[in-house]
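# Results of the structural survey
Listed here are the chains, written in short residue letters.
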Amino acid sequence: MKYFYDDEHDSLFISLRDGEYDESEEIYEGFVVDFDKSGRPLNLDISNASKFVDMHRLMQKMAPEELETAGSIPRR
């Protein structure tokens, strides 16, 4: 699992696994799940992520290879 955070747009993208993308579905306002051709989830994209996720805490817990950022939130 890898996390990509864009602090400029406050968007968190969580890649659950590799696979071939087929379609997306907004399951809740601002929560979009990408599915493969078998209907299994591949990714989760969260808009306005800081309303739902403590980004500083997430970044502290992730190993550097699990987290990529566009912009940045300073690690404490």
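Heads up: the structure comes first, above all this text.
Scope of this entry: the structure provided in the associated data block.

Another aspect to go through is the pattern of salt bridges. In total, this model carries 3 salt bridges according to the counting rule given. In this structure, D36 engages R17 in a salt bridge whose closest nitrogen and oxygen atoms are separated by 2.6 Å. Placement of the pair is D36 in strand β4 (residues 31-36) and R17 in the loop between β2 (11-15) and β3 (21-28), with a sequence separation of 19 residues. With a relative accessible area of 8%, D36 lands in the buried category. Across the salt bridge formed by K37 and E20, the nearest N and O atoms sit 3.6 Å from each other. Of this pair, K37 sits in the loop between β4 and β5 (41-47) while E20 sits in the loop between β2 and β3, and the two are 17 residues apart along the sequence.

Bringing the packing of aromatic side chains into the picture now. Taken as a whole and assessed by the stated rule, the structure comprises 3 aromatic pairs. With a centroid separation of 5.9 Å and 50 degrees between ring planes, the pair formed by F4 and F13 is classed as tilted. What makes F13 partly exposed here is its relative accessible area of 27%. Ring geometry for F31 against F52: centres 4.9 Å apart, planes inclined by 75 degrees, an arrangement best described as edge-to-face. Taken together, the positions of F31 in strand β4 and F52 in the loop between β5 and α1 (55-61) put the pair 21 residues apart, joining distant regions of the chain. An aromatic cluster is present here, built from Y28, F31 and F52 joined pairwise through their rings.

Cut-offs and rules
- Residues numbered from 1 in each chain as written.
- Predicted model: local features only at pLDDT ≥ 70, side-chain atom pairs only at ≥ 80, totals over all residues.
- Heavy atoms only, no water.
- Salt bridge = Lys/Arg side-chain N within 4 Å of Asp/Glu carboxyl O.
- Helix = DSSP H or I, 4+ residues; strand = E, 2+ residues; numbered from the N terminus.
- Buried < 20%, exposed > 50% of the residue type's maximum accessible area, 1.4 Å probe, protein only.
- Phe/Tyr/Trp six-rings, centres within 6.5 Å; stacked < 30°, edge-to-face > 60°.

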